[in-house]
Amino acid sequence: MQYLTRFSLVNVGGALHRLMALLWVFCLLSVPVAADAERRISGGVPFFYYHDLKAATAWYELLGFRKVTDEGWVSIIEITPSSFIGLVNASDGTWRPSKEKSVLLSIETPDLEAWYKKLANTKGSNITQGIKVGAKGMIEEFRLEDPGGYVVEFFRWRDRPCTRAGKTGDKATCVNHP
């Protein structure tokens, strides 16, 4: 049976770290991959890099998200049961933190006002923008900045977009999210 790891690993050094990484990947966090006819993906994990990993990890926990893995050099934070973010320290990952951030973490929620109220009343949440219409009218959103300078956006679709799933002649077939 083939396996696809749930989380990707980044540069680990030393025999002990390599052994831990192998155990982590192949024993603890592996999920089966379907046969060649079907390739399923169970999730994705973006990795953000920090000079102060402990502060970044604590900030995401302050927001109410759960730390599911802490290897000292990397923490994995659960956003939903199938959505995670990896937080990596400045010296052990593939990349290094940079001043300019060209990514953001976007979290979809139907409970936008409830999240805003919770985080507006949470000391240290660092809200940088209140609820407003964004993305050329497609969403309502508010934004925070994490300790490493990454933008975290909570949003709700104003009207559910459809995704072009296929075409029949000139007519697109759209699949809407639940």
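## So, the sheet that holds strand 3 (residues 47-50)
Item 1. The sheet built from four strands is open, its strands ordered 3-6-5-4 with mixed pairing. Whereas interior strands pair on both sides, the edge strands pair on one side only; in this sheet they are strand 3 and strand 4 (66-70). Strand-to-strand twist across the sheet, computed as the mean angle between neighbouring axes with direction ignored, equals 25 degrees.
Item 2. Relative to strand 6 (residues 83-89), strand 5 (residues 74-80) runs antiparallel, the two being bridged by six bridges. Its bridge partner lying in strand 6, glutamate 78 is registered against phenylalanine 84.
Item 3. Strands strand 3, strand 4, strand 5 and strand 6 of the sheet are contacted by helix 2 (residues 53-63), whose axis makes an angle of about 155 degrees with strand 6.

## Some details on the sheet that holds strand 10 (residues 151-157)
Item 1. The mixed open sheet is built from four strands, whose spatial order is 7-10-9-8. Across the chains shown, the open sheet's two edge strands, defined by having one partner strand only, are strand 7 (104-108) and strand 8 (127-134). Sheet twist, expressed as the mean angle between neighbouring strand axes with direction ignored, is 20 degrees.
Item 2. The pairing of strand 8 with strand 9 (residues 139-145) spans five bridges and is classified as antiparallel. Bridge pairing in strand 9 places valine 133 opposite glutamate 140.
Item 3. Helix-sheet contacts for helix 2 involve strand 7, strand 9 and strand 10, and the interaxial angle to strand 9 is about 140 degrees.

## Quick look at the pattern of salt bridges
Item 1. All chains considered together, the criterion is met by six salt bridges.
Item 2. Linked by salt bridges that have partners in common, Glu113, Glu140 and Arg156 make up one network.

## Thoughts on unusual backbone geometry
Item 1. With phi around 65 degrees, asparagine 126 is a residue other than glycine that occupies positive phi space.
Item 2. Along the chain, the position of asparagine 126 falls in the loop between helix 3 (112-120) and strand 8.
Item 3. The phi angle at lysine 136 is positive, at roughly 55 degrees, despite the residue not being glycine.
Item 4. Its location among the elements puts lysine 136 in the loop between strand 8 and strand 9.

## Side note on helix 2
Item 1. Of all the positions in helix 2, only Leu53, Ala56, Thr57, Trp59, Tyr60 and Leu63 are classed as buried. Buried residues along helix 2 cover an arc of 155 degrees about the axis, so they all sit on one side.
Item 2. Positive backbone phi, at 115 degrees, marks glycine 64, one or two positions downstream of helix 2.

The rules behind the values
- Numbering of residues starts from 1 in every chain and runs along the sequence as written.
- The model is predicted, so local features are restricted to residues of pLDDT at least 70 and side-chain atom pairs to those at 80 or more, both for listing and for counting; the totals for chains, interfaces and linings are taken over all residues.
- Hydrogens and waters are ignored; side-chain quantities use all the structure's heavy atoms.
- Here, strands pair whenever DSSP counts at least two bridges between them.
- Secondary structure elements follow DSSP: runs of H or I no shorter than four residues count as helices, runs of E no shorter than two count as strands, and numbering proceeds from the N terminus.
- Axes, fitted as lines to C-alpha atoms, cover a helix only where it is in contact. Angles between the N-to-C directions of the axes lie from 0 to 180 degrees.
- By definition in these notes, contact holds between two residues if any of their heavy atoms fall within 4.5 Å.
- For this document, the term salt bridge refers to a Lys or Arg side-chain nitrogen within 4 Å of an Asp or Glu carboxyl oxygen.
- A simple rule labels every residue: compare its accessible area, found with a 1.4 Å probe on the protein chains alone, to the largest value its type can have, and call it buried under 20%, exposed over 50%, or partly exposed in between.
- The arc in question is the one traced by the directions running from the helix axis out to the C-beta atoms.

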